[in-house]
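Spelled out, the chains give:
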Amino acid sequence: MTALAGILAARIAAQGPISLADYMADCLLHPLHGYYTTREPFGAGGDFTTAPEISQMFGEMLGLCLAQAWADQGRPDLFVLAEIGPGRGTLMADILRTIRAAPGMREAARPVLVEASPALRARQAETLAGQGACWRDTIAGLPDGPLFLVANEFFDALPIRQFRRVEGGWSEVQVGLAEGRLAPGLGPVTDYPALSGRLADTRPGDVIECCPAAPAIATEIAHRVAAFGGAAVIVDYGGWHSLGDTLQAVRAHASADPFADPGTADLTAHVDFEVLANAFRAAGAGVTAMVPQGVFLERLGITARAQALARGLSGAALDAHVAAHRRLTHPDEMGNLFKVIACHPPACPPPPGFAPLSCPRA
Ligand code: SAH
């Protein structure tokens, strides 16, 4: 049993089962034993690989997208360039390099990283040495001013609650003890008024998920973008309108039991982009349609960029480059599973790569 499993088992024995969200929060960010607090999980030797770690082209396309949005908004001469959940700092490094192509933009950018894990902050500081970056604990701590923001695989790492529809209401998935081991179970049947809107599209037995932290974070981002200018580009895996159990644990590039050895595997859930879109709109920002990652990257010109980079490569390096392009864009790989959405000031057009969200409250 891991140290964290012992701590959680003792808490549950004393106080009763805990929500899935409380369980996830400790698994990911427990100050001593959390997954992100104790390790650097990315890459071939880690547990999973993310788009910026696959190829520099991912950050280059996001950098181009922000550069055009910055130019379209009159090139503000001081702005916050923020990333939430920056991992190893690779994406921010690629964006900072790319925006040098827009005269004056790098000088105007103040890079700010929102990161909860001290271990990953240290890693980001190495990657971004000499770039003038600073760190914040939460999005609320960002300095005021035009905000150009990216988040890749951040929202999927936020704790979720799960509810199973049953006769007479909803039963929340909880983590309790079965024969001394952590195990999921169902809490008492309750009529959660906040879930009444989901009675129309669910049937008894269905599971729905909600991410309590996501709307507040999306609202804070959109308030700033609407008030000060800028744009926020959110990339994650998920879809429109959540339905079903999407909790997954990944260790060493393979799926694992989310309730075994807590703190040693990444835990994620699909992101509900409808929730982000509604929060953006309610905060007064313009909202784009959700677009598959592959389509978004193609619209921004990733294939032309891939061809240009390929000209300097041969042999195994060329093969790896071609595979990386395919992995980021192909519908059978990350191209369709991952989605992208943005918010922007209401008077401005959507950033390049996006179309406006045409159907209000789809
Ligand atoms: N964007 C990176 C890493 C994704 S992993 C990439 O694409 O490679 C998720 C990141 O979010 C990690 O850096 C993790 O420490 C951070 N994170 C998770 N929960 C957070 C929270 N509540 N606040 C701030 N950062 C968080």
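In the block above lies the structure referred to throughout.
How each quantity is defined
Residues numbered from 1 in each chain as written. Predicted model: local features only at pLDDT ≥ 70, side-chain atom pairs only at ≥ 80, totals over all residues. Heavy atoms only, no water. Helix = DSSP H or I, 4+ residues; strand = E, 2+ residues; numbered from the N terminus. Rg over C-alpha atoms; globule rule 2.2 N^0.38 Å. Buried < 20%, exposed > 50% of the residue type's maximum accessible area, 1.4 Å probe, protein only. Contact = heavy atoms within 4.5 Å. Areas by Shrake-Rupley, 256 points an atom, 1.4 Å probe, with all protein chains shown as cover. Lys, Arg positive; Asp, Glu negative; His and termini not counted. Charge placed at Lys NZ, Arg CZ, Asp CG, Glu CD. Polar contact = N/O pair within 3.5 Å; in protein donor to acceptor, adjacent residues only side chain to side chain. Expected span 1.5 Å × (residues − 1). Arc of directions from axis to C-beta.

**Here we look at the overall build of the protein chain**
Then, in step 1: Helix and strand counts for the protein chain come out as 14 helices and 17 strands.
Then, in step 2: Against the globule reference of 21 Å for 362 residues, the protein chain gives a C-alpha radius of gyration of 21 Å, in line with a compact fold.
Then, in step 3: Taking the principal axes of its C-alpha atoms as reference, the protein chain extends roughly 60 × 45 × 40 Å.
Then, in step 4: For the protein chain, the proportion of its 362 residues judged to be buried stands at 52%.
Then, in step 5: Across the protein chain, contacts joining residues at least 24 apart in sequence account for 75% of those joining residues at least 6 apart.
Then, in step 6: Accessible area for the protein chain stands at about 15100 Å²; split by element, carbon and sulfur atoms hold 55% of it.
Then, in step 7: Averaging the positions of the 27 positive and the 36 negative side-chain charges in the protein chain gives two centres separated by 4 Å.

**Let's talk about the environment of Gln162**
Then, in step 1: Topologically, Gln162 is positioned in strand β6 (residues 161-166).
Then, in step 2: Taking the C-alpha atoms as reference points, Gln162 and Gly34, 128 residues apart in sequence, are found 21 Å from one another.
Then, in step 3: Residues contacting Gln162, with those up to four places away along its chain left out, are Leu20, Ser171, Glu172, Val173, Val207, Ile208, Glu209, Asp245, Thr246 and Leu247.
Then, in step 4: Within the structure, Gln162 has its side chain in polar contact with the side chain of Asp245 (distance 2.7 Å).

**Focus on helix α1 (residues 3-15)**
Then, in step 1: Along its 13 residues, α1 runs 18 Å from first to last C-alpha, staying within 8% of the 18 Å computed at 1.5 Å per residue.
Then, in step 2: Among all positions of α1, only Leu4, Ala5, Leu8, Ala9 and Ile12 are buried. Taken around the axis of α1, the buried residues stretch over an arc of 130°, which confines them to a single face. When the buried face of α1 is taken as reference, the exposed residues oriented beyond 90 degrees from it are Ala13 and Ala14.
Then, in step 3: Buried residues in α1 make contact with β1 (18-19), α2 (20-29), β7 (169-178) and β8 (181-190).
Then, in step 4: At the exit of α1 stands Gly16, carrying a positive phi of roughly 100°.

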